Amino acid sequence: MWNNSSRAIALLAMALPAVYGQQTKLSAGSDASSSVKIDLPADSPVTLISASTDQSRVTPQGGMLVLDLHMSLKLRNSGTRSVRGVTVLITAQEFTPGGKGAVTRPCIDVPPGQNFTLPIDIRLVKPVQQTSGPLVHVQLDGVLFDDLSFYGPNQLKSSQRDLTLLEVEAQRDRAYYKQVLQAKGEDGLKKEVLSSMAKAGDRPQLDVALSHSGRTVGSMAASGAASDAGSMAEKAHFAFLELPDAPVLAVQGQADIAGNEVRSPWIEVQNLDKKKAVRYVEIGWIVKDKDGNEYLVGSVPGSGVSALNTSGASPGSVIQAGQRGRLEPGATLKFSHAGRPVGIDSMTGFVSQVEFADGKVWVPSRRDLDSSRLLRTMSPSAEEQRLLDIYAKQGLAALVADLGKY
Amino acid sequence: MSERHPSEADLALLAGGDCGLLTRFNLNRHVARCGDCRDTLASFGELRSEVRDMAMPDFAANESDWSRMAGEMRANIRLGLAAGECIGEGPVEATHRNRAPRFAIGMAGVVLLAGVGMFLHGLLPHDTLPGVVSSAVLESSGTGVEVRTDKGSMTLMNQGDVTADQTITSQGAIRDSYVDGNTGTVTITSVYVE
């Protein structure tokens, strides 16, 4: 009997780590037996050459599986046009917070027949269940080409818009630095790059908590602010910065402010274009605290209103030429800085992105961005970040060479 | 001289192959000569087969399932102890010489099961992980991006030593844009919370 008990205890000791805390490596492939299934459509303009999942791990924690994906996909442009951006959708579990993600690689120029890599570093969670099939599903969601045409299922609904906006911003910033190089030479380019790096470094940072339903339940700092402010919310109106070239005008807006919490914001906008309908508008926020410090929310977490509801219409509808619409995300935002709540004194908005119904997009020009002291602290675009990083890591010659590529 | 019959518990252990060598030898010798005990042993064997063929429940995915299972386990343990007492009080002609070691073994088993129960309860989803809930809060700070629910919070993105630009969109996504200094690769990673 004692021998049997000892055997049972030994088996238990071996089995428990399998349930708690033990990490398991993941394998990738296009077959259903792989723990990471990679799925590209048959007519996809990019094809999978290889996939590496060396550092990917799954760790059971309580009733959840934590999936740390560190993968690298080697893809080939098998189409006829240069690829400028790719997005893949990664699904561990639908409808679970943190169960779905996406990885985008913008700012590339891959001619037909060439290979490129897509690094995937993401953490997702899924409930523990006895289900067959792969743990993670990686699907191609969109490919953007150099003529701004798009291929893909666009399941995320925003892949085409995001890739197009990133590419248009990239074209704007590459053209700007090329122009500086041409007009002012390498010394002028160096001064401009150093100035941009200084601006990026000086950007004030805000910590933001966002909730979609009711009040946020956030941090201690935020809770303190809520108690300071009690439940007394004051209605505050937005002020707006008008950008000369913007096709959409922000007309009026309002939100309830309680301490460091902004509730139920809404903004009314007007489509100034005389022919084209607008499908999507994003408003950047600038928040001013009680001490007079200004934070450009559009360049730090919480880029503000991005859902579009036209007046009395369902989400996803458009604002016809010359008509007005209403942005009403139904979100609550809460701001803190260095662990302390930031009491909000006033808010300023500006139109930061517009997508027309025909898929074309508008972003502020460099001239627009230089038109206001506030906008000069906006976050650099992904392409500008890349160019500044090339200068910082490889020097001016490498930056000049990169600007000459395309 | 009439031989005493072994207890039902001993026969159950024999059916499961859980007896020691000497006990098994003695029991087998008795069963070979006693029709009643042979029938009892056969019924225990059939019962084991039926239990083995029963479908096991799915692995519990949430706390309520775990709590229910833990409750059932505790109830089964209590039921088992009560049944043991009934057997002890009955008119079964059982030998008393092994009572003390059996009691000690039984208590050791109860302590072990209680310990395992407490350990398993520690494995339940608790305040370090978000559960499957309808609403969540995204929180971004200098150290990373967290998803916070009424069940707890969890870091989904951690910047580490990589310079990243974080954005929380009002559509319910955390977006982390960073440049790999070695390759110059820009990657934008988004995690959706709703």
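Residues numbered from 1 in each chain as written. Chains lettered and ligands numbered in written order. Predicted model: local features only at pLDDT ≥ 70, side-chain atom pairs only at ≥ 80, totals over all residues.

## Let's talk about the overall build of chain A
Then step 1. Check the secondary structure of chain A and you find six helices and 22 strands.
Then step 2. Relative to its full complement of 406 residues, chain A shows a buried share of 45%.
Then step 3. At a minimum sequence separation of 6, the contacts of chain A that also span at least 24 residues come to 69%. (Helix = DSSP H or I, 4+ residues; strand = E, 2+ residues; numbered from the N terminus. Buried ≥ 20, exposed ≤ 12 C-beta atoms within 10 Å, placed from the backbone. Contact = placed C-beta atoms within 7 Å.)

## Description of the overall build of chain B
Then step 1. Broken down by element type, chain B carries five helices and six strands.
Then step 2. The buried share of chain B, reckoned over its 194 residues, is 25%.
Then step 3. The long-range fraction of contacts in chain B, counting pairs at least 24 apart against all pairs at least 6 apart in sequence, stands at 42%.

## Regarding the environment of Glu167 of chain A
All names here are of chain A.
Then step 1. In this structure, Glu167 sits in helix H2 (residues 159-202).
Then step 2. The exposure class assigned to Glu167 is buried, which follows from the 22 C-beta atoms found within 10 Å.
Then step 3. Separated by 82 residues in sequence, Glu167 and Gly85 place their C-alpha atoms 7.7 Å apart.
Then step 4. Residues contacting Glu167, with those up to four places away along its chain left out, are Arg84, Gly85, Pro106, Leu144 and Leu148.

## Some details on the pairing of strand E16 (residues 278-289) of chain A
Every regular strand shows the same layout, with side chains that alternate between the two sheet faces.
All names here are of chain A.
Then step 1. A large share of E16 lies buried, amounting to nine of its 12 residues.
Then step 2. Here E16 runs beside strand E21 (residues 344-356); their pairing, made up of 11 bridges, is antiparallel. Residue pairing for E21: Trp285 is matched across the bridge by Gly349. (Pairing = 2+ DSSP bridges.)

## Re the confidence of the model for chain A
Residue and element names in this part refer to chain A.
Then step 1. Averaged over every residue, the pLDDT of chain A is 80; the share at 70 or more is 80%.
Then step 2. Long-range and interchain partners of residues 214-230, a stretch whose pLDDT sits below 50, account for 41 contacts in this model, where long-range means more than four residues apart.
Then step 3. Every residue in residues 298-315 is under pLDDT 50, and counting partners more than four places away or in other chains gives 68 contacts. (pLDDT = per-residue confidence, 0-100.)

## A word on the pairing of strand E14 (residues 248-258) of chain A
All names here are of chain A.
Then step 1. Looking at chain direction, strand E13 (residues 234-240) and E14 are connected through four bridges and run antiparallel. For Lys235, the partnering residue across the bridge sits in E14 and is Asp256.
Then step 2. As paired elements, E14 and strand E15 (residues 261-271) share nine bridges and run antiparallel to each other. Within E15, the residue paired with Ala250 across the bridge is Val269.
Then step 3. Hairpin connection between E14 and E15: a loop of two residues separates the two successive antiparallel strands, and Gly259 in this loop has a positive phi of roughly 65°.

## Remarks on the nonpolar core
Residues and elements named next belong to chain A.
Then step 1. Judged by nonpolar contacts, the single largest core of 94 residues is most densely connected at Leu67, Val88, Ile90, Val281 and Val351.
Then step 2. Here the element with the most residues in this core is strand E6 (residues 64-77); it accounts for eight residues.
Then step 3. Ignoring sequence-local partners within four residues, the contact set of Val351 consists of Leu243, Ala246, Val248, Ala250, Val281 and Ile283.
Then step 4. Listed in part, the eight residues of the second largest apolar core include Val193, Leu388, Ile390 and Leu399. (Core = buried A, V, L, I, M, F, W, Y, C linked by C-beta atoms within 7 Å.)

## As for the environment of Ser34 of chain A
Residue and element names in this part refer to chain A.
Then step 1. Secondary-structure assignment places Ser34 in the loop between strand E2 (28-29) and strand E3 (36-39).
Then step 2. Take Ser34: there are 18 C-beta atoms within 10 Å of it, and that puts it in the partly exposed class.
Then step 3. Note: C-alpha distance between Ser34 and Leu135 (101 residues apart in sequence) is 8.3 Å.

## Considerations on unusual backbone geometry
Residues and elements named next belong to chain A.
Then step 1. The residue Cys107 is not glycine, and still its phi comes out positive at about 60°.
Then step 2. For Cys107, the position within the fold is in the loop between strand E8 (100-105) and strand E9 (115-127).
Then step 3. Its identity is not glycine, yet Asn154 carries a phi of approximately 55°, on the positive side.
Then step 4. Positionally, Asn154 belongs in the loop between strand E11 (150-151) and H2.

## Observations regarding helix H1 (residues 8-15) of chain B
All names here are of chain B.
Then step 1. All of the buried residues in H1 are Asp10, Leu11, Leu13 and Leu14. Take H1 and look down its axis: the buried residues cluster within an arc of 160°, on one side only.
Then step 2. Looking one or two places after H1, you find Gly17, whose phi comes out positive at around 70°. (Arc of directions from axis to C-beta.)

## Considering H2 of chain A
Then step 1. Here H2 of chain A is 44 residues long, yet its end C-alpha atoms lie only 31 Å apart, well below the 64 Å a rise of 1.5 Å per residue gives.
Then step 2. The largest bend in H2 of chain A amounts to roughly 130° and is located at Lys184 of chain A. (Expected span 1.5 Å × (residues − 1). Bend = angle between axes of the 7 residues up to and from the residue.)

## Description of the packing of H2 of chain A against helix H6 (residues 396-403) of chain A
Residue and element names in this part refer to chain A.
Then step 1. One can describe the packing of H2 onto H6 by two numbers: an axis separation of 11 Å at closest approach and a directional angle of 165°. In terms of their interaxial angle, H2 and H6 are classed as roughly antiparallel. Here the hand of the crossing between H2 and H6 comes out left-handed. Residues Arg174, Tyr177, Lys178, Leu181, Glu186, Lys190 and Val193 of H2 pack against Leu396, Leu399, Val400 and Leu403 of H6.
Then step 2. Here the contact of H2 with H6 is built from residues that sort into seven nonpolar, no polar and four charged. (Axes fitted to C-alpha atoms, helices over the stretch in contact; angles between N-to-C directions. Parallel < 35°, antiparallel > 145°, perpendicular 65-115°, else oblique. Left-handed = near helix turned anticlockwise from the far one by under 90°. Nonpolar A, V, L, I, M, F, W, Y, C, P; charged D, E, K, R; others polar.)

## Concerning the packing of H2 of chain A against helix H5 (residues 382-394) of chain A
Residues and elements named next belong to chain A.
Then step 1. Relative orientation of the contacting elements H2 and H5 amounts to 35°, with a least axis distance of 7 Å. The chirality of how H2 crosses H5 is right-handed. Of the residues in H5, those in contact with Leu166, Glu169, Ala170, Asp173, Arg174, Tyr177, Val193, Ser196, Met197 and Ala200 of H2 are Ala382, Glu383, Glu384, Leu387, Leu388 and Tyr391.
Then step 2. When its residues are assigned to classes, the contact of H2 with H5 shows 10 nonpolar, one polar and five charged.

## Describing the confidence of the model for chain B
Residue and element names in this part refer to chain B.
Then step 1. Averaged over every residue, the pLDDT of chain B is 61; residues scoring 70 or more account for 37%.
Then step 2. For chain B, helix H4 (residues 63-89) is the element with the lowest average pLDDT, namely 39, and helix H2 (residues 21-33) is the one with the highest, namely 86.
Then step 3. Across residues 53-97, confidence stays below pLDDT 50; counting only partners more than four residues off in sequence or on other chains, it has 33 contacts.
Then step 4. When the criterion is pLDDT under 50, residues 114-134 qualifies, and its contacts beyond four places in sequence or with other chains add up to 50 contacts.
Then step 5. Interface confidence for the predicted complex, expressed as ipTM, amounts to 0.78; the pTM equals 0.69.

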